[in-house]
Amino acid sequence: MSNKSTDLNDPLKTESASNLSSNVENSQEISPMSTSQVNVLTICYDNGVSCKDCPNHNKLMCQLDYKDSLIFAWPFLSFIGILVWGIIRSMNQGNLGWLGLAIFIVFYLSYGFFFFNIWESKILCSHCPFYVIDDSKTLKCYANYGFLKSAKYNPAPISKSEQYQFIIGASLLFVIPLIFLLIVQEFLFAGLVALFYIIFFLNTSNNSCKKCPNFSCILNRVPQDWKDEYLRRNPVMREAWEKAANR
Ligand code: SF4
Ligand code: SF4
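No experiment lies behind these values; they were computed from the predicted model shown.

What counts and how
Residues numbered from 1 in each chain as written. Chains lettered and ligands numbered in written order. Predicted model: local features only at pLDDT ≥ 70, side-chain atom pairs only at ≥ 80, totals over all residues. Near = placed C-beta within 6 Å. Nonpolar A, V, L, I, M, F, W, Y, C, P; charged D, E, K, R; others polar. Helix = DSSP H or I, 4+ residues; strand = E, 2+ residues; numbered from the N terminus. Expected span 1.5 Å × (residues − 1). Bend = angle between axes of the 7 residues up to and from the residue. Buried ≥ 20, exposed ≤ 12 C-beta atoms within 10 Å, placed from the backbone. Contact = placed C-beta atoms within 7 Å. Axes fitted to C-alpha atoms, helices over the stretch in contact; angles between N-to-C directions. Parallel < 35°, antiparallel > 145°, perpendicular 65-115°, else oblique. Left-handed = near helix turned anticlockwise from the far one by under 90°. Core = buried A, V, L, I, M, F, W, Y, C linked by C-beta atoms within 7 Å.

### Quick word on the site of ligand 1
Reasoning step 1: The environment of ligand 1 is made up of 14 residues, and the closest members are Thr42, Cys44, Cys51, Cys54 and Cys62.
Reasoning step 2: The class makeup of the residues in the shell around ligand 1 is seven nonpolar, six polar and one charged.

Okay, structure coming up:
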């Protein structure tokens with residue numbers, strides 16, 4: 001991986017790699033894989049044993065919670081509803097026929113399938129602790145529950161190239177329906193869709209991105225001390241981040 005960690009993405013900037021390692025060795029709280037006492041799906045290697053003593057408890061998004069999914073999803077679901085409404089209206093107005101609708105649906109669903117299950121899975125999710133919250137073939141996380149894990153888990157930070165790919169890929173997901181609504185002359189619905197894109201971005205940025213454990217995502221806004229604390233509790237990710245920081 002060619003990524004050189006930036007200040008934003010480097011959880012080790014406030015503490016050297018060796019300090020972190022010795023903190024882990026000396027900690028009483030961290031006992032990777034000791035899963036006997038608690039059995040919940042968490043992104044830490046002790047499966048919840050040390051959660052109640054963890055400074056990140058109820059701060060970092062580190063286990064599945066339907067409330068996190070609802071907060072993340074409502075603007076996106078609203079956008080889908082507006083898109084469908086705009087399509088129906090356009091057909092009623094005679095600006096869109098069944099063939100045009102079929103072409104759009106096949107094209108957009110194909111792109112969505114490719115983006116979520118293959119492209120984003122590789123460039124974003126395969127770096128996320130949620131990717132290995134269990135050993136199933138599908139993701140279990142607040143945002144992309146059920147999509148395929150099509151790449152090998154990579155605990156190292158996301159590279160710059162992958163960050164840019166994510167921005168391009170996600171933007172296409174939003175731009176395609178917007179252009180479609182403009183083509184079928186549903187200008188009001190195009191405006192509403194654009195408005196919900198802004199709401200989606202602001203909502204995600206102010207909620208999910210402030211507590212999501214995929215720290216090297218270009219949109220991530222988790223405070224540095226939360227990242228440092230989490231890396232003490234995830235030896236696999238910490239080692240990969242130390243290696244990337246020392247390159
Ligand atoms: S960071 Fe880990 S130990 Fe801390 S609350 Fe989350 S899952 Fe539990
Ligand atoms: S939390 Fe985000 S980056 Fe992590 S697996 Fe889910 S969608 Fe992917």
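### Quick notes on helix α2 (residues 66-92)
A turn of α-helix holds 3.6 residues, and therefore any two residues three or four places apart point the same way.
Reasoning step 1: In this model, α2 (27 residues) spans 37 Å end to end at C-alpha, consistent with the 39 Å of a helix rising 1.5 Å per residue.
Reasoning step 2: The largest bend along α2 measures about 45° and falls at Ala73, with the proline Pro75 one to four residues further on.
Reasoning step 3: Looking at α2, one finds that the buried residues are Phe72, Phe79, Ile82, Leu83, Gly86, Ile87 and Ser90.
Reasoning step 4: In this fold, the buried residues of α2 make contact with α3 (98-123), α4 (160-183) and α5 (187-206).

### Focus on the packing of α3 against α4
Reasoning step 1: Packing of α3 against α4 leaves a shortest axis separation of 11 Å and a crossing angle of 165°. In terms of axis orientation, α3 runs roughly antiparallel to α4. When you trace α3 past α4, the crossing you get is left-handed. Along its contact with α3, which presents Phe104, Tyr108, Tyr111, Gly112, Phe115, Trp119, Glu120 and Ile123, the element α4 presents Glu162, Gln165, Phe166, Gly169, Leu172, Leu173, Ile176, Pro177 and Phe180.

### What to know about the nonpolar core
Reasoning step 1: Counting residues in hydrophobic clusters, the biggest one holds 29 residues, and the most contacted among them are Leu124 and Phe130.
Reasoning step 2: Among the elements of the structure, α3, α6 (224-232) and α7 (235-246) are those that each provide at least two residues to this core.
Reasoning step 3: Per element, the largest residue contribution to this core is three residues, and it comes from α7.
Reasoning step 4: When neighbours within four sequence positions are excluded, Phe130 is seen to be in contact with Ile43, Leu139, Lys140, Cys141 and Pro213.

### Things to note about the environment of Cys44
Reasoning step 1: For Cys44, the position within the fold is in the loop between α1 (17-26) and α2.
Reasoning step 2: According to the C-beta neighbour criterion, Cys44 is buried, with 23 such atoms within 10 Å.
Reasoning step 3: Remark: the alpha-carbon pair of Cys44 and Gln63, spanning 19 residues in sequence, is separated by 9.0 Å.
Reasoning step 4: Apart from the residues lying within four places of it in its own chain, the contact partners of Cys44 are Cys62, Arg233 and Asn234.

### Quick look at unusual backbone geometry
Reasoning step 1: One non-glycine residue, Asn58, lies in the positive phi region at around 65°.
Reasoning step 2: Structurally, Asn58 can be placed in the loop between α1 and α2.
Reasoning step 3: Judged by C-beta crowding, with 10 C-beta atoms within 10 Å, Asn58 ranks as exposed.
Reasoning step 4: Positive phi, normally seen in glycine, also occurs at Gln185, with a value near 65°.
Reasoning step 5: On the secondary structure map, Gln185 appears in the loop between α4 and α5.

### A word on the packing of α4 against α5
Reasoning step 1: One can describe the packing of α4 onto α5 by two numbers: an axis separation of 8 Å at closest approach and a directional angle of 165°. Our classification of the angle between α4 and α5 gives roughly antiparallel. The two elements α4 and α5 cross, and the hand of that crossing is left-handed. Along the contact surface, α4 presents Phe174, Pro177, Leu178, Leu181 and Leu182, while α5 presents Phe187, Phe189, Ala190, Val193, Ala194 and Tyr197.
Reasoning step 2: When grouped by side-chain class, the residues that make up the contact of α4 with α5 number 11 nonpolar, no polar and no charged.

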